[in-house]
Amino acid sequence: MMKRRSFLQAAAATSVATAANLRNATADTAGEKSKHKVERVGIGAIGMRYQGSVIAEKARLYGDVVRIADVDRHVREQARASFGSTPKISEDYQELLADKNVDVVLIGAPDHWHAKMLIDAVRAGKDVYCEKPLTLTIDEGKVIRDVAASHDRVIQVGTWQRNDSRFRLAAEMVRAGRIGKLRRVTCTTDKNPSGGPFQPVPVPSHLNWDLWLGQAPRVPYVAERCHYTFRWWYEYAGGKMTDWGAHHVDIAQWAIGSLPTQIETRAKLPSIADGYNVATDFEADIQYQNGVQLLVRDTGRRGILFEGDRGRLFVNRSVLDGAPVQRLETDPLPREMYRLYDDDNLQRPLRAGKLDAIINHMGNFFDCVHSRWTPISDVESQHRSATTCHLANLSMRLGRSLTWDPVAENSGDDSAANDMMRRPQRSGFEVV
C-alpha cells in the first residue's frame, strides 16, 4: 500500500488525475446513497450483533451485502432478514471467505477474534474493515503488520473518531501549534463494571459456543461471558482501557505524534471467582519519547483534554471547546491545511457523532478500496494505539510500572512483561 504523498513524488500527472477521479467517484452525497461510477463490490459481514450491523448498513452505500457469518443462528438469521433476505448465511466465517462473490469483508466479531479473522481475510484476497480494537495482544499486531506488508490489501480499523470533524480538528490544531508546545493530554473514559459470580448454564441451541470461544480457553458457557459483556473479561477483551481507549488514546496519540516509553498505572483488580476480571478502578500515566505525558482516567468528563504552553482545548463526542477553538473564527484552519492524513476526500461533508462519522469512515475505506491508497485508520497506527492500551492493562495486571522500547517493541529484559505480549491459543484457532 502506498501513501499518496510518496506516490505524487513519483507518478505522472495523468496518474494523479486518474486517482482523483476515482476518489470523486466514491464520494457520497449528504443523506442519500452514493451514485458510484465504479462497480459495486460484494460485501461479506462477520459478526452481526449491534456494531456489526451498523457498519454493514453504512457499507451498503458502496456495495451489496452478499454473505453473512455469525456463530449465533438467531443473530445471523435476523441479520439476513434485515438485509433483504438475500445474503447467504453461515456459522463459520471460513465459508464466507471462500465465497468468490465477496470482495470486501467487515469484521464486527468480539475482540479476541479480530486478528485471526483479519489475517485469514487478507490471505483470502479480501479488503477488510475491522472493528476496534485491532488486537487482543501486542504480538497479534506484529503478525497483522507482517501479513499486511506482504499482501496488497486495504485494511481499515473502525476507529471512526478519526473521521469525526471535532476530533480531527482537535488533533490538527494540536499538531499545527494552536495550543503551543503540547505538554499533557488527559483521556477520560469511565469505570469498568463489576459483576459475579456467574453460574454456568446450558449452551443455547442456537449458539456455537466452541466457535465463539475461538483461541480463548475452553470454559463452561456463562451468558455474561458472551455477546456485549465479553468486554469485561481479559480472556476476550481489555475492558474500557481498550474499548474506549481504542478511540480516545488513538486520537491523543495521533496528536502527540510520538510513541510511549514509560507506563505507570494504579488499579483495583476484582477477585470475584467466575466474575468480571477487568480492573474496576484504574488510571495510567504514560510518558512519550517527545516528553508529552498522557494521563488515562476512569472518572471525570469523558473526552480528551489537550494542554499546551499557550492554551488548551477539550473534545468529546458532543463538543470541541477552548480559547484556541474560539480563535478559529478569526484565524481558521481550513481542511485544505490538514496534515495528519495524506488522502482526504474534500468532497465529503464534515460529519460529527458516531453514526454520521461512520459514514465518512466507511467512505474513506471504500475510497481506498478503489484507489488503493492507505486508509486513515491504517494497520500501523492502530497497532501502535492498541499497543499503548495493552501496555496499560499489562502494567495494571502486573501491579508495577513498565518501560517500553517502541523501536524494538519490547520491555527490554522484563521477561514477565514480554511474555504477556502474547497468550496461549487453543489448537486450531492460532493467530499465525
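As the structure is a prediction and not an experimental result, all values here were calculated from the model.

Participant: Report on the nonpolar core, specifying residues and quantitative values.
Facilitator: The nonpolar side chains of a soluble globular protein tend to be buried, and buried together. In terms of nonpolar packing, the biggest core is built from 123 residues, with Leu294, Phe306 and Phe366 touching the most fellow members. With 8 residues, the single largest contributor to this core is helix H13 (residues 354–371).

Participant: Break down the sheet that holds strand S9 (residues 281–288) for me, citing the residues and quoting the values.
Facilitator: Sheets are built from strands paired through backbone hydrogen bonds, the pairs being either parallel or antiparallel. Taken together, the 8 strands give an open sheet; going across it, the order is S13-S12-S11-S7-S10-S9-S8-S14, and neighbouring strands pair in mixed fashion. Edge strands, defined here as strands with exactly one partner in the open sheet, are strand S13 (320–321) and strand S14 (402–403). Across 5 bridges, strand S11 (residues 303–308) lies against strand S12 (residues 311–315) in antiparallel orientation. Bridge pairing links Leu305 to Phe314 in S12. Strands strand S7 (182–188), S11, S12 and S13 of the sheet are contacted by helix H8 (residues 165–175), whose axis makes an angle of about 160° with S12. Together, strand S8 (260–268), S9 and S14 form the strand contacts of helix H14 (residues 379–398), whose direction differs from that of S8 by roughly 50°.

Participant: For empty space enclosed by the protein, give the residues involved together with the corresponding values.
Facilitator: In this approach a probe as big as a water molecule rolls over the atoms, and the regions it shows empty are the leftover space. Tallied over the entire structure, the rule returns 2 cavities of 30 Å³ or more. Volume-wise, the largest cavity comes out at about 220 Å³. In terms of lining residues, the largest cavity is bounded by 20 residues, among which Asn163, Arg168, Arg335, Asp344 and Asn360 are the most central. Those elements giving two or more residues to the lining of the largest cavity turn out to be H8 and H13. A total of 3 residues in the lining of the largest cavity trace back to one element, the largest contributor, which is H13. Among the residues forming the lining of the largest cavity, the class breakdown is 6 nonpolar, 5 polar and 9 charged. In this structure, the second largest cavity occupies an estimated 40 Å³ of space. In terms of lining, the second largest cavity is formed by Lys132, Pro133, Leu134, Val157, Thr159, Ala246, Gln382, Ser385 and Ala386. If one sorts the elements of the lining of the second largest cavity by residue count, H14 sits on top with 3 residues.

Participant: Got a sec to walk through the side chain of Arg426? Specific residues and values, please.
Facilitator: With respect to the secondary-structure elements, Arg426 resides in the segment after helix H15 (415–419). A distance of 2.9 Å separates a polar atom in the side chain of Arg426 from the backbone oxygen of Gly214. Side-chain polar atoms of Arg426 contact the backbone oxygen of Ala216, separated by 2.9 Å. Excluding residues that lie within four positions of it along the chain, Arg426 makes contacts with Asp210, Leu213, Gly214, Gln215, Ala216, Pro217 and Arg218.

Participant: Explain H13 to me, and be specific about the residues and the numbers.
Facilitator: Taking 1.5 Å as the rise per residue, H13 with 18 residues should run 26 Å; its terminal C-alpha atoms sit 25 Å apart, in good agreement. Taking burial as the measure, the 18 residues of H13 include 15 buried ones, the bulk of the element. Where H13 terminates, the next one or two residues include Arg372, which has phi positive at roughly 70°.

Participant: Can you tell me about the layout of surface pockets, naming the residues and giving the values?
Facilitator: In this structure, the largest pocket occupies an estimated 740 Å³ of space. Forming the walls of the largest pocket are 38 residues, and the residues nearest its centre are Gln51, Gly108, Ala109, Phe230 and Arg231. Within the residue set of the lining of the largest pocket, elements represented by two or more residues are helix H3 (50–59), helix H6 (111–123), helix H9 (209–213) and helix H10 (239–243). The element that contributes the greatest number of residues to the lining of the largest pocket is H6, accounting for 4 residues. Of the residues belonging to the lining of the largest pocket, the class tally is 17 nonpolar, 8 polar and 13 charged. Approximately 410 Å³ is the volume attributed to the second largest pocket. Around the second largest pocket sit 20 residues that line it, and Arg162, Trp254, Leu340, Asp378 and Ser381 are the ones nearest its centre. Those elements giving two or more residues to the lining of the second largest pocket turn out to be helix H11 (245–256) and H14. No other element matches H14, which puts 4 residues into the lining of the second largest pocket. In terms of residue class, the lining of the second largest pocket is built from 6 nonpolar, 5 polar and 9 charged.

Participant: Lay out the sheet that holds strand S1 (residues 41–46) with the relevant residues and their values.
Facilitator: Within the open sheet, the 6 strands sit side by side as S3-S2-S1-S4-S5-S6. Their pairing is parallel. In the strand order of this sheet, the two ends are held by strand S3 (88–90) and strand S6 (155–157), each with one partner. Geometrically, the sheet is characterised by an average inter-axis angle of 20° between neighbouring strands, direction not taken into account. The sheet contact formed by strand S5 (residues 127–130) and S6 spans 3 bridges and is parallel. Note on S6: the bridge partner recorded for Val128 is Ile155. Packed onto the sheet, H6 meets S1, strand S4 (104–107), S5 and S6 and runs at close to 165° relative to S5.

Participant: Describe the pairing of strand S10 (residues 293–297), and please don't skip the residues or the numbers.
Facilitator: Side-chain positions along a regular strand alternate between the two faces of the sheet. In terms of burial, S10 is largely enclosed, as 4 of its 5 residues are buried. Pairing geometry for S7 and S10, over 5 bridges, is parallel. Across the sheet, the residue bridging to Arg184 is Gln293, located in S10. Remark: 4 residues form the turn of the hairpin made by S9 and S10, two consecutive strands paired antiparallel; Gly291 in that turn has positive phi of roughly 95°.

Participant: Outline the packing of H3 against H13, listing residues and values.
Facilitator: In contact at an axis separation of 9 Å, H3 and H13 are set at 60° when each is read in the N-to-C sense. Taken as axis vectors, H3 and H13 run oblique relative to one another. Between H3 and H13 the crossing geometry is right-handed. Note on element contacts: H13 touches H3 through Lys354, Leu355, Ile358, Ile359, Met362 and Phe366, opposite Tyr50, Gln51, Val54, Ile55, Lys58 and Ala59.

Parameters and conventions
Residues numbered from 1 in each chain as written. Predicted model: local features only at pLDDT ≥ 70, side-chain atom pairs only at ≥ 80, totals over all residues. Heavy atoms only, no water. Core = buried A, V, L, I, M, F, W, Y, C linked by side-chain atoms within 4.5 Å. Buried < 20%, exposed > 50% of the residue type's maximum accessible area, 1.4 Å probe, protein only. Helix = DSSP H or I, 4+ residues; strand = E, 2+ residues; numbered from the N terminus. Pairing = 2+ DSSP bridges. Contact = heavy atoms within 4.5 Å. Axes fitted to C-alpha atoms, helices over the stretch in contact; angles between N-to-C directions. 1 Å grid on protein atoms, 1.4 Å probe; cavity = no way out; pocket = protein on both sides within 12 Å on 5 of 7 lines; lining within 4 Å. Points joined across faces, edges and corners; volume = space filled by probe spheres on them. Nonpolar A, V, L, I, M, F, W, Y, C, P; charged D, E, K, R; others polar. Polar contact = N/O pair within 3.5 Å; in protein donor to acceptor, adjacent residues only side chain to side chain. Expected span 1.5 Å × (residues − 1). Parallel < 35°, antiparallel > 145°, perpendicular 65-115°, else oblique. Left-handed = near helix turned anticlockwise from the far one by under 90°.

Read these as layout, nothing more, since geometry by itself doesn't imply function.
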